[in-house]
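Given next are the chains, with one letter for each unit.
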Amino acid sequence: MAEKERIRHFDTLKGIAIILVVVHHVFGYNDTIIDQMLESMRMPLFVLVSGIFLSFRRGFWVLIVKKFNRYILPLLLFSLLYATIHDIFLADINITYIKTRIYNYCINLSLSNANEPLWFLKMLFFLCIITYGIEKIMPFKSRILKLAIVIIICTAFAYLVADFDPLHHETRLSVIIFNSKVPSAIFMLPIYYFAYLYKDFFLKPPSKKLLLAAAPIALVIWCLSARDAAMYYTAVADFPYPLLLIAQFAAVYFCFAVAYSIGRVPVISYFGQYSLVILCTHSTVQLILNFIIKLNNEIVVFAIVMITAPILIYVFTRYLPHFTAQKELIKVRDDGKIRINFSD
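Owing to the predicted nature of the structure, the values given are computational and were not obtained by experimental measurement. (Residues numbered from 1 in each chain as written. Predicted model: local features only at pLDDT ≥ 70, side-chain atom pairs only at ≥ 80, totals over all residues. Heavy atoms only, no water.)

(A) Main features of the packing of aromatic side chains. Going through the model one piece at a time under the given rule, you end up with 24 aromatic pairs. Between Phe10 and Phe53 the ring centres are 5.2 Å apart and the planes differ by 75°, which places this aromatic pair in the edge-to-face class. Taken together, the positions of Phe10 in helix H1 (residues 3-27) and Phe53 in the loop between helix H3 (42-52) and helix H4 (60-89) put the pair 43 residues apart, joining distant regions of the chain. Given a relative accessible area of 3%, Phe10 falls into the buried group. Taken together, a centroid distance of 5.8 Å and an interplanar angle of 80° make the contact between Phe125 and Phe126 edge-to-face. We classify Phe125 as buried; its relative accessible area is 12%. The class of Phe126 is partly exposed, set by a relative accessible area of 25%. Put simply, the rings of Phe10, Phe53, Phe194, Tyr198, Phe201, Phe202, Phe249, Phe256 and Tyr260 touch in pairs and so form one group of aromatic residues. (Phe/Tyr/Trp six-rings, centres within 6.5 Å; stacked < 30°, edge-to-face > 60°. Helix = DSSP H or I, 4+ residues; strand = E, 2+ residues; numbered from the N terminus. Buried < 20%, exposed > 50% of the residue type's maximum accessible area, 1.4 Å probe, protein only.)

(B) Focus on unusual backbone geometry. You will see that Lys294, though not glycine, has its phi angle at about 65°, which is positive. Mapped onto the fold, Lys294 is located in the loop between helix H15 (275-292) and helix H16 (298-319). Using a relative accessible area of 58% as the deciding quantity, one classes Lys294 as exposed. Despite not being glycine, Ala325 has its phi angle at roughly 65°, a positive value. Mapped onto the elements of the fold, Ala325 is located in the loop between H16 and strand S1 (330-332). According to the relative accessible area criterion, Ala325 is partly exposed, its value standing at 24%.

(C) Spatial organisation of the packing of helix H11 (residues 208-225) against helix H13 (residues 241-262). It is the contact of H11 with H13, at a shortest axis distance of 8 Å, that shows an interaxial angle of 145°. In the crossing of H11 with H13, the sense of the turn from one axis to the other is left-handed. Contacts from Lys208, Leu210, Leu211, Leu212, Ala214, Ala215, Ala218, Leu219, Ile221, Trp222 and Ser225 in H11 reach Leu243, Ile246, Ala247, Ala250, Ala251, Tyr253, Phe254, Cys255, Phe256, Ala257, Tyr260 and Ser261 in H13. When its residues are assigned to classes, the contact of H11 with H13 shows 20 nonpolar, two polar and one charged. (Axes fitted to C-alpha atoms, helices over the stretch in contact; angles between N-to-C directions. Left-handed = near helix turned anticlockwise from the far one by under 90°. Contact = heavy atoms within 4.5 Å. Nonpolar A, V, L, I, M, F, W, Y, C, P; charged D, E, K, R; others polar.)

(D) Geometry of the nonpolar core. Counting residues in hydrophobic clusters, the biggest one holds 89 residues, and the most contacted among them are Val47, Phe120, Leu127, Tyr193 and Trp222. No other element matches the twelve residues that H13 contributes to this core. Setting aside residues up to four positions removed in sequence, Tyr193 forms contacts with Thr131, Ile134, Glu135, Met138, Lys146, Leu147 and Val150. Counting six residues, the second largest nonpolar core, distinct from the first, contains Val62, Val65, Ile330 and Val332. (Core = buried A, V, L, I, M, F, W, Y, C linked by side-chain atoms within 4.5 Å.)

In C-alpha cells:
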C-alpha cells in the first residue's frame, strides 16, 4: 500500500477523533450511552495512531528528543499561551498568585493544567518511555505473550489504585505522579503497545471487505462494554478495568475499519493532519469566547472554534513550526551531540 494512501486514512481517523474532542469540551459530558462510547474512543484513537508510528531504530536518546519536540514543546508553548490570556483577563494577579503558579509548574508538574486537554501530550510522552522499557525487559519475539503480560500488569495496577484518589491524598509525591499522567499512560498502555506490536496490520491491512465484515461485531461489543472511561484517566473508577479495554479495542477497530474504507474526507482529513494544533488551541479559543466575550451558546462556540481552526493552523505552523511538530527544534547529530535548530 502506498504511503499516500496510508496517510489518508490515518488523517481521517485523527480528524474524526479531534472533532469529537472539541465537541466534548464544548458541550460537556451527559452520561448517555453515546457519551460513554465516545469516552472509550476519542483518546484511544490518537493513542493507536501514535503507537503505530513508534520506532526505536535510532535508540533511546534520539527517541526522547524526537518526542520532546513533538509533545513537550507544544505543551510548553500552548500552556503558557492559555495561562497568559487567562491571567491577563480573568485572574487577580498578585505575588501569592505568581508564586503559586511557579510552584505548580515547576514542582507539581501541572503545567498542562493551564490548558487541560494538553494532559494528553504528557501521557503520550511517557507512553513512549514505558514502551521502550518494556521492549528492553521483554526481548523475546512472541507478540501475543508480551501483550498478555502488559495487559495483566496494567490490570493489576488498575485494581491497585482503584480506591486511591490523588486529589484527596495530596502528598507532594502523589500530586507529582498524578500530574505527570504516568497512571493515565499505564491505563492506556495496552492499546498503545498493541498498536506498536501489530503495526503491520494497520499499515498493510487486509481487504476492506474483511475489515468491514467484523466491524458490526466490534460495534456491538463497543456498545455493550462502554463506560465512562475518563474515570480511569484520573485513576479513579468503579467498574472493571478489563471492561474498559474491551470497549477501547472494539472502538478503535470499528473506527479504523470505517476510516480505512472511506479513505480521505477533505475537511476531516485536514483537521486530522493538524490535529495537534487543534488540540492545543481549541481550549484557548473557548476560553476567550466563554469567559472574556461571554458567549455561552454551545453551538455557536463550537462553530467558531472549528471555523477559526484553519486560521490558527496556518499561523502556528507557518510562524512557529518548531512548536507545532512541523520541524524539529532539538536534533541529535550523528556524533551523538545535541544541537538547537532554527534554520530548517
